[in-house]
Amino acid sequence: MAELVPVDPFDIIVFGATGDLALRKLIPALFHRWCDGQISEDSRIICASREEMEREAFQTLAATHINPGEGQRADRWREFAEKLDYLALDAAGNNSGWSKLADTLSGDAQKIRLYYLALPPSIYGQMCAALARHGLNSPRSRIVLEKPIGSNFHTAREINDRVGAVFPEDGIFRIDHYLGKETVQNLLILRFANHLFEPLWNSNGIDHVQVTVAESLGAGQRADYYDRSGALRDMVQNHLLQLLCLVAMEPPASLDPDAVRTEKLKVLRALRRIDPHNIAQDVVRAQYHEGVVSGESVTGYSDEVGHDSRTETFVGIRAHIDNWRWAGVPFYLRTGKRMSARRSEIIIQFKDIPHDIVGAGHNHPNRLVIRLQPDEGVKLMLVTKDPGPGGLRLRYVPLNLSYAEHFDQGYPDAYERLLMAVVRGNLSLFMRRDEVETAWRWIDGIIDAWDQGQTQLYGYPAGTDGPTQSALMLAREDREWFDAHHS
Ligand code: BG6
């Protein structure tokens, strides 16, 4: 069982409490931390949203997303539900909800306070202004913002300005929930707590890097948002670029939040801007049409959203980091919805052996496979001799660290870890303003080229690994996507 470090008493105010994120992720995350004894009795959970609703009705609504069942869990839920307060309140700020909130919070200005905006980013500025107007930005307040922070560099900067006018940067926690995942945090440990990899971790030892975040689900209930966003803004700007940073960054001097974030920022700054003239080779953009996913027929994206959409549901990118460590090493990124399976992994492909005496090298380079989800684990692919009575046969086999086999414990969901990190004031798992804006600048370069009509939108059948052009992007350089599952 992991050691639990209880956090100081806090008040959390969840704005947008009747929305999907709050009900599906945040309240369950708080409940689980409560069950594990990490949240003290004198902490408070205030749920706020525009809907007029009785407190009991909100507690019942929250329960439908928990399934407390019977027995001990149900008892724990009853205790926890008692802690859930509810307030109807409007961002425009003119109703009595704000005064009630101010009354509830008054007298405790030194207590840690979290304002979680589970709301569209377009109203972050307005919400912060309302908090300031009602004197609610007490010295120990922290504001938690969900991605996406804006939809391009300019909107991100505007949001950051407006939030920054009310809260200091060290009170702003910009969530990228990938940074809360157990296996993503382990990337830092794997790289910087082992001596083994670092000497090879550069263009002398590594041929290329692949980052895949594949989902089997479609746009689903968030189609409205997704159709305005697309895979590049929804996934690459944040999750994939954060993964790339953790793989490519220089060793920070310590785990101090600013030491880590400054190194990540340097990677983002060194990302080579995609040249609009080469965009067709460097970026593959596609949308799923009908197909079969896990044995079930599903409709195409445009049918799902109900109009002829040009939004990409898949994007594949060949990126370069222009610095000494990574000169000449391509980073291939891909993400998509309605792919063959849910699978997120990072493949570090090492260089071929310099001289092959046994026929082992080509097609069997060493690979480090970091499996983020599901079946979390780390595999190091090696060539070994196939044991036998005579003759020399070779086998390509994994040294396998499977989390499920190795660690006989579950581990918390990303949101549980992130919420506790906000209470502790640990900013390392959150994006700094300059990281977000620099990532947008790079993404904007791709979007500008798309807007100039220089990239085709390909199709791929739902339930596959994306369009053939994504495989071609690697094949042109005599490489292929490595599917660790079939190795
Ligand atoms: C979110 C995206 O940030 O991440 C979603 O907005 C996506 O579109 C989700 O489905 C994926 O997260 P996870 O944790 O399921 O890999």
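The structure presented is a predicted model; accordingly, all values stated were derived computationally and were not measured.

S.K.: Whenever I open this one, unusual backbone geometry confuses me. Can you help?
M.R.: Only a minority of non-glycine residues have a phi that is not negative, and only a minority of peptide bonds are not trans. Residue Pro 148 is reached from Lys 147 by a cis peptide bond, and omega for that bond is 0°. In this structure, Pro 374 follows Gln 373 across a cis peptide bond, with omega equal to -20°. You will see that Arg 338, though not glycine, has its phi angle at about 55°, which is positive. In this structure, Arg 338 sits in the loop between strand S12 (331–336) and strand S13 (343–350). The backbone of Asp 478 shows a phi angle near 60°, a positive value even though the residue is not glycine. Residue placement: Asp 478 occurs in the segment after helix H15 (468–475). On the accessibility criterion, Asp 478 (68% relative accessible area) is exposed.

S.K.: Would you take a moment to explain the sheet that holds strand S11 (residues 314–319) for this structure?
M.R.: The strands that make up a sheet are held in pairs by hydrogen bonds between backbone atoms, and each pair lies either parallel or antiparallel. On the basis of which strands lie adjacent, the open sheet formed by 9 strands has the order S16-S15-S14-S13-S7-S12-S11-S8-S17 and mixed pairing. Strands at the two margins of the open sheet, each flanked by one partner only, are strand S16 (394–402) and strand S17 (457–461). For this sheet, the mean angle separating the axes of adjacent strands, direction not counted, is 20°. Each of strand S8 (283–289) and S11 touches helix H14 (residues 433–451); the most contacted strand, S11, lies at about 115° to it.

S.K.: Looking at this structure, how should I read the pairing of S13?
M.R.: Residues in a regular strand point their side chains to alternate faces of the sheet. Counting buried positions along S13 gives 8 out of 8 residues, so the element sits mostly inside the fold. The two faces of S13 match: Arg 343, Glu 345, Ile 347 and Gln 349 on one face and Ser 344, Ile 346, Ile 348 and Phe 350 on the other face are all buried. Judged from the 8 bridges that link them, strand S7 (residues 206–214) and S13 form a sheet pairing that is antiparallel. Of the residues in S13, the one forming a bridge with Val 213 is Ser 344. In this sheet, strand S14 (residues 367–373) lies alongside S13 in antiparallel orientation, the contact comprising 6 bridges. In the strand pairing of S14, Ile 348 is matched with Leu 368.

S.K.: For this particular structure, what's the right way to read a negative patch on the surface?
M.R.: On the surface, Glu 52, Glu 54, Glu 56 and Glu 82 cluster together into a negatively charged patch. Tracing the chain through its elements places Glu 52 in the loop between strand S2 (44–49) and helix H2 (55–63).

S.K.: What is the right way to read the site of the ligand from this model?
M.R.: Around the ligand, the neighbouring residues are Lys 147, His 177, Tyr 178, Lys 181, Glu 215, Arg 222, Asp 234, Met 235, His 239, Lys 337, Arg 342 and Gln 373. Contacts to the ligand include Lys 147, whose side-chain N or O atom sits 2.7 Å from an oxygen atom. Taking 400 Å² as the accessible area of the ligand by itself, protein coverage stands at 81%. The greatest single-element share of the shell around the ligand, amounting to 3 residues, is contributed by helix H8 (residues 223–248).

S.K.: Is there a simple way to think about the pattern of salt bridges in this case?
M.R.: Any two side chains of opposite charge can pair, so long as their charged atoms come close to each other. Enumeration according to the criterion identifies 34 salt bridges in this entry. In this structure, Asp 11 and Arg 44 form a salt bridge, with 2.9 Å as the shortest nitrogen-oxygen distance. Of the two residues, Asp 11 is situated in strand S1 (residues 10–15) and Arg 44 in strand S2; the sequence distance between them amounts to 33 residues. Arg 44 gets classed as partly exposed once you look at its relative accessible area, which sits at 27%. When the shortest N-O distance is used, the salt bridge between Arg 272 and Asp 322 registers 2.9 Å. Separated by 50 residues along the polypeptide, Arg 272 in the loop between helix H9 (257–270) and helix H10 (279–282) and Asp 322 in the loop between S11 and S12 bring together distant segments of the chain. The exposure class assigned to Arg 272 is partly exposed, which follows from its relative accessible area of 39%.

S.K.: Could you clarify how one ought to interpret the sheet that holds S2 in this entry?
M.R.: Judged by pairing direction, the sheet is parallel, and its 6 strands sit side by side in the order S3-S2-S1-S4-S5-S6 without closing on themselves. Each edge of the sheet is formed by a strand with only one pairing partner; in this case those strands are strand S3 (84–88) and strand S6 (172–174). Here the strands of the sheet are splayed against their neighbours by 20° on average, with no regard to which way each runs. The sheet contact formed by strand S4 (residues 112–117) and strand S5 (residues 141–145) spans 5 bridges and is parallel. Across the sheet, Leu 114 pairs through a bridge with Arg 142, a residue of S5. Lying over the sheet, helix H3 (residues 71–83) contacts S2 and S3, oriented at roughly 35° with respect to S3.

Criteria and cut-off values
Residues numbered from 1 in each chain as written. Predicted model: local features only at pLDDT ≥ 70, side-chain atom pairs only at ≥ 80, totals over all residues. Heavy atoms only, no water. Helix = DSSP H or I, 4+ residues; strand = E, 2+ residues; numbered from the N terminus. Buried < 20%, exposed > 50% of the residue type's maximum accessible area, 1.4 Å probe, protein only. Pairing = 2+ DSSP bridges. Axes fitted to C-alpha atoms, helices over the stretch in contact; angles between N-to-C directions. Contact = heavy atoms within 4.5 Å. Patch = residues over 30% accessible without salt bridge, like charges linked within 9 Å, V, L, I, M, F, W, Y side chains within 5 Å. Areas by Shrake-Rupley, 256 points an atom, 1.4 Å probe, with all protein chains shown as cover. Salt bridge = Lys/Arg side-chain N within 4 Å of Asp/Glu carboxyl O. Lys, Arg positive; Asp, Glu negative; His and termini not counted. Charge placed at Lys NZ, Arg CZ, Asp CG, Glu CD. Near = heavy atom within 4 Å. Polar contact = N/O pair within 3.5 Å; in protein donor to acceptor, adjacent residues only side chain to side chain.

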